[in-house]
Amino acid sequence: MVRVTSQLKMLTLAVWASVLFGLLLGFLPLVGMEPMGGAKSDPGHTPSVEPLPSSSGSNCSDLTLKLEFSTKVVEHEYIIGFTGYFSAKARSLYISSALRNAADAALEWRIVPRQNPASDFPSDFELVHIRQASPSSLLTLEDHPYIKRVTPQRKVFRMLKYTPSPEPAAPCNASRSWQSSRPFRRTSLSLGTGFWHATGRHSSRRLLRAIPRHVAQILQADVLWQMGHTGSGVKVAVFDTGLSEKHPHFKNVKERTNWTNEKTLDDGLGHGTFVAGVIASMRECQGFAPDSELHIFRVFTNNQVSYTSWFLDAFNYAILKKIDVLNLSIGGPDFMDHPFVDKVWELTANKVIMVSAIGNDGPLYGTLNNPADQMDVIGVGGIDFEDNIARFSSRGMTTWELPGGYGRVKPDIVTYGSGVRGSGMKEGCRSLSGTSVASPVVAGAVTLLASTVLNRELVNPASMKQALIASARRLPGVNMFEQGHGKLDLIRAYQILNSYKPQASLSPSYIDLTESPYMWPYCSQPIYYGGMPTIVNVTILNGMGVTGRIVDKPVWQPYLPQNGDHIDVAVSYAPVLWPWAGYLAVSISVAKKAASWEGVAQGHVMVTVASPAENDSEAGGELTSTVKLPIKVKIVPTPPRSKRVLWDQYHNLRYPPGYFPRDNLRMKNDPLDWNGDHIHTNFKDMYQHLRSMGYFVEVLGAPITCFDASQYGTLLMVDSEEEYFPEEITKLRRDIDNGLSLIVFSDWYNTSVMRKVKFYDENTRQWWMPDTGGANVPALNDLISVWGMAFSDGLYEGDFTLADHDMYYASGCSIARFPEDGIVIAKNLKDQGLEVLKQETAVVEGVPILGLYQTPSDGGGRIALYGDSNCIDDSHRQKDCFWLLDALLQYTSYSMTPPSLSHSHSRVAPPTGAERPLPQRLEGNHLYRYSKVLEAHLGDPKPRPLPACPHLSWAKPQPLNETAPSNLWKHQKLLSVDLDKVALPNMRAYRPQVRPLSPGESGAWDIPGGIMPGRYNQEVGQTIPVFAFLGAMVVLSFFVVQLTKSKSKPKRRKPRIKRPTYLQQQQQQPATTTGKNPAV
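Please read all numbers here as calculations on a predicted model, not as lab measurements.

Explanation requested: the overall build of the protein chain in the structure shown.
Looking only at helices and strands, the protein chain features 22 helices and 40 strands. Pairs at least 24 residues apart make up 79% of the contacts formed inside the protein chain by residues separated by at least 6 positions. In the structure as shown, the protein chain presents an accessible area of about 45400 Å², 53% of it carried by carbon and sulfur atoms.

Would you mind going over the pairing of strand β37 (residues 862-866) with me for this structure?
Looking down a regular strand, the side chains alternate between one sheet face and the other. With respect to burial, β37 is a largely interior element, five of its five residues being buried. Taking every second residue as pointing to the same face, both faces of β37 are buried, with R862, A864 and Y866 on one and I863 and L865 on the other. As judged from the four bridges shared by strand β28 (residues 741-745) and β37, these two strands associate in the parallel manner. Among the inter-strand pairings, F745 is bridged to a residue of β37, identified as Y866. Here strand β36 (residues 843-854) pairs with β37 via five bridges, running antiparallel. For L850, the partnering residue across the bridge sits in β37 and is Y866.

In this structure, what is going on with the state of the cysteines? I would like to understand it.
Structurally, a disulfide amounts to a covalent bond that connects the sulfur atoms of two cysteines. Taken as a whole, this structure holds three disulfides when the rule is applied. Here C871 pairs with C881 through a disulfide, and the sulfurs are 2.0 Å apart. One disulfide, between C871 and C881, carries an S-S torsion of 55° and so falls in the right-handed class. Pair noted here: C871 is in the loop between β37 and α18 (882-894) and C881 is in the loop between β37 and α18, with a separation of ten residues, a long-range link. For C871, a relative accessible area of 3% gives the class buried.

Just to check I follow, could you spell out the side chain of N460 for this structure?
Relative to the assigned elements, N460 resides in the loop between α9 (435-450) and α10 (461-471). Assessed through its relative accessible area of 3%, N460 is described here as buried. A polar side-chain atom of N460 sits 3.4 Å from the main-chain carbonyl oxygen of G543.

Teacher, can you tell me more about the environment of K246 here?
Within the secondary structure, K246 is located in the loop between β6 (235-240) and β7 (253-258). It is 9.8 Å that separates the C-alpha atoms of K246 and D266, two residues lying 20 residues apart in sequence.

What is the right way to read the packing of aromatic side chains from this model?
The relative placement of two aromatic rings is captured by the distance of their centres and the angle of their planes. Using the criterion set out here, one finds 26 aromatic pairs in the structure. Ring plane angle 65° and centroid distance 6.2 Å describe the contact between F297 and Y317, whose orientation is recorded as edge-to-face. In this pair, F297 sits in strand β8 (residues 293-298) while Y317 sits in helix α7 (residues 308-320), placing the two residues 20 residues apart along the sequence. We classify Y317 as buried; its relative accessible area is 5%. Sitting above the plane of the Y712 ring, R644 keeps its charged end 4.5 Å from the centroid. The side chain of K731 reaches across the aromatic face of F707, ending 4.2 Å from its centre.

Looking at this structure, I do not really get unusual backbone geometry. What am I missing?
The phi torsion of most residues other than glycine is negative, and most of the peptide bonds are trans. Note that the residue after K410, namely P411, is joined by a cis bond; omega there is 0°. Turning to its location among the elements, P411 is positioned in the loop between β12 (378-383) and β13 (413-416). Here the residue pair S507 and P508 is connected by a cis peptide bond, since its omega of 0° sits within 30 degrees of zero. Within the secondary structure, P508 sits in the loop between β16 (504-507) and β17 (511-512). Notably, S811 is not glycine yet its phi reads approximately 55°, a positive angle.

So what exactly am I meant to see when it comes to helix α14 (residues 726-737) here?
Every α-helix winds through 3.6 residues per turn, so residues three or four apart in the chain are directed the same way. The first and last C-alpha atoms of α14 sit 17 Å apart over twelve residues, in line with the 16 Å expected at 1.5 Å per residue. Within α14, burial applies to E728, K731, L732, D735 and I736. Within α14, the buried residues cover an arc of 130° as seen down the axis, which keeps them to one side. Positive backbone phi, approximately 120°, marks G739, located one or two places after α14.

Conventions we followed
- Residues numbered from 1 in each chain as written.
- Predicted model: local features only at pLDDT ≥ 70, side-chain atom pairs only at ≥ 80, totals over all residues.
- Heavy atoms only, no water.
- Helix = DSSP H or I, 4+ residues; strand = E, 2+ residues; numbered from the N terminus.
- Contact = heavy atoms within 4.5 Å.
- Areas by Shrake-Rupley, 256 points an atom, 1.4 Å probe, with all protein chains shown as cover.
- Buried < 20%, exposed > 50% of the residue type's maximum accessible area, 1.4 Å probe, protein only.
- Pairing = 2+ DSSP bridges.
- Disulfide = S-S within 2.5 Å.
- Polar contact = N/O pair within 3.5 Å; in protein donor to acceptor, adjacent residues only side chain to side chain.
- Phe/Tyr/Trp six-rings, centres within 6.5 Å; stacked < 30°, edge-to-face > 60°.
- Lys NZ or Arg CZ within 6 Å of the ring centre and 35° of its normal.
- Expected span 1.5 Å × (residues − 1).
- Arc of directions from axis to C-beta.

Structural data, given as structure tokens:
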């Protein structure tokens, strides 16, 4: 019984030991890790800007960090840009000389002093206060040979607000959100409210909560740290809100400079400290490059105000200090802010690698921010820790090129921007979300990568971007306008950089119109004979030099075995590649012989780029690089006319350059119409719907006189702000008589309301009104007046039901005039114009909002008018009306009148327009400044001469009788580098020098030596149960073996111990006394 009990005890001990050992082995990677999102902070510490309510003094709270960004012109102040860098005395002389010739003799002006570190050096601009500046005085300044441009000084407001979240208080591993203030996304950005935009793929990784979100370790920066690379020797600049002098997270702050009008260098907001921490923190929430030289540029005040001149001075100083990497976590929609854009070009031309946030205006397309949308800047989007594109992350395409061209691919790359941990304002860590968080992640990675390259001359804005996009990991189920080239891969980028040779490359590196969904929208519609050419805007990256050119002309080489001769290709390109980049626009069309053919056609375009050799001993030496652009398209027979819809892009205008107001006046915090009004930006959902219904949608980027109307069933005009050439009006009438149909979605236009939403422009000292309303109704009325139709200047809104569908009319106009034999639908709506002008509410009965008309000519087309476009616009849509668009297309394309409309109880007699005058153009408007149709005249603006239609010069093919590659993506490799053959160098123990820990400070994440070496990434969470099980089995097996051995040994009898003789005798004798026992 005793032996059995001991065996049970041994077995129980073995089981418990195995379990404990397994648990210890399984959780060993988590030893010393802080809770995700937690922060070690002083319980008595309170941020200096706004107190954050917190329990137990931690940085965790139920708050959301909200970002608002706006600008305005500063009264009487002007930035005068010069053609070169001059001393302060020379700049003053040039300005005096220019203004001496001004017609205004009483002109008062003075140079505004700028007390900052750059004031002792030559500059290329001056800030001048001009008291009574007239337009002629400004023109006189620009006439001076050394003055390049005169622009108003702008004041920038960036509001960082902590707002209570509508969700319950979040635990310490939740994250605050850095979000846009765009009002049509008013939902909380907490993780519990559908914050992330799913990509449509299943993810089984659900242990990420157990992994600390130290982004540098997740991206495997520790691999490079253990090789000895920690950012040493790289100068990185942070343009933000400053940094405290004695912050415990930083050991190599080389310089702190203040460019504001406040007498402090410290960070009073916390955002600048956070950004600097993601890049270069050395402890707790560790950054990527702790040994880099950190240059802090304080360009925002504690009141979150900045000026364009502050940025220009700071940029000049960054060039002077030979900064290598610059992070800019701000942006805005104005890509025509010339002083700022020009200075960014100058920065990158001086080999400054600029990394910038792409914007927090997602999920809407066409919301890219400047300067991240520039070719020479690395634009960064955001993802979460499960590799889903963040809902807040802005989407492409760029809108610079509209209407004649097509946008470029942006963002360039995406990385973690959700719940990222960075340094707190004074100490400890905090978590934030937003592309302004993702940007320093890439900036830190770029700084670390630059420190790994022995020949620093090879590192420039183009070569770094080439390495990042060539190494990026593509996210499945996500298109290129959401993810760019994919997710940042630090180790692969290191491999490419360390085998890099100067060369040119393309972005995107191939064109595959069959690859879905990555190549959306190109993959969403096949091409066919007679259609508008498909335009792909490719960016040329030139890693050989800051300037370059294309040698000869690009060559088109179709693959004959893959039917390459079935397509025609035309190429236009930038004559000069500067700085580091240029464009290559490829137009693709179907040859006539493939009008009835269906299949796939392939070929490629060869481009040779040349750059001056900087270190070549021979004068005039050049470096050349030849790149190949593979092309693959799907061709189908030409669809019937009734299935083809033509979208009028030519007559859509947007901000910048002019003041074009929003279409929905309820959206007061989003005053500008800036998303491009393109079927692939803010009308993306409408386009996808039409494609799902079997329609083929093409884009007209030229005047109406430039398309063959016999090929199309319907011309779709939505939210048009542009005027019309007289020749366009004449041609459209002829086209509709011959069978073309027209659908018009209009918007509000009311001159009194336009004056109400005016603003004061200190540049001209005038009140500026919008150049049009939501749409240019007077121009539309000129277009459709020949059929007795017109829109009114009424402004209406309201909910109603039409054909059993719930509808919302958002700042639309009404139909003022319509043919008597047409169909008109009317609804009761609120008079929004009265509300805007007098703050009064009234309901108007029987407002005509929809009209259908069959033209009387034999075989003539049909016309449909609707007074509001917001129901098909993604920007501010509350209730979609895609069903109505379907019904209108059935009517225009197939002459099928929807019974739900023709027999509707809301049908009324068509209005005659006699009760009120038609809207007139706003007197004194400046539309001619931005119009492609109007030009300035002594009296009213007049139409320009009708421009010639675009003519493409098709490249002469050079056919190849060889087989094309099957997978264009995997086939394209930078420099033909095989990453599998570029092995990582042997790791060696490396422990960066760090300062001693402060009393009570945790060193768990202090240095790379305290981090698990190797590929410690998101997948660690999946391996913990495996290690636990194996460890338990090993220990259990050991005890079982020992127990088995003990049972198998032969048992030996214990020898009996004989007692001494005298004891035996003593026991046998009877006890005679009770005294002491005898001594032994």
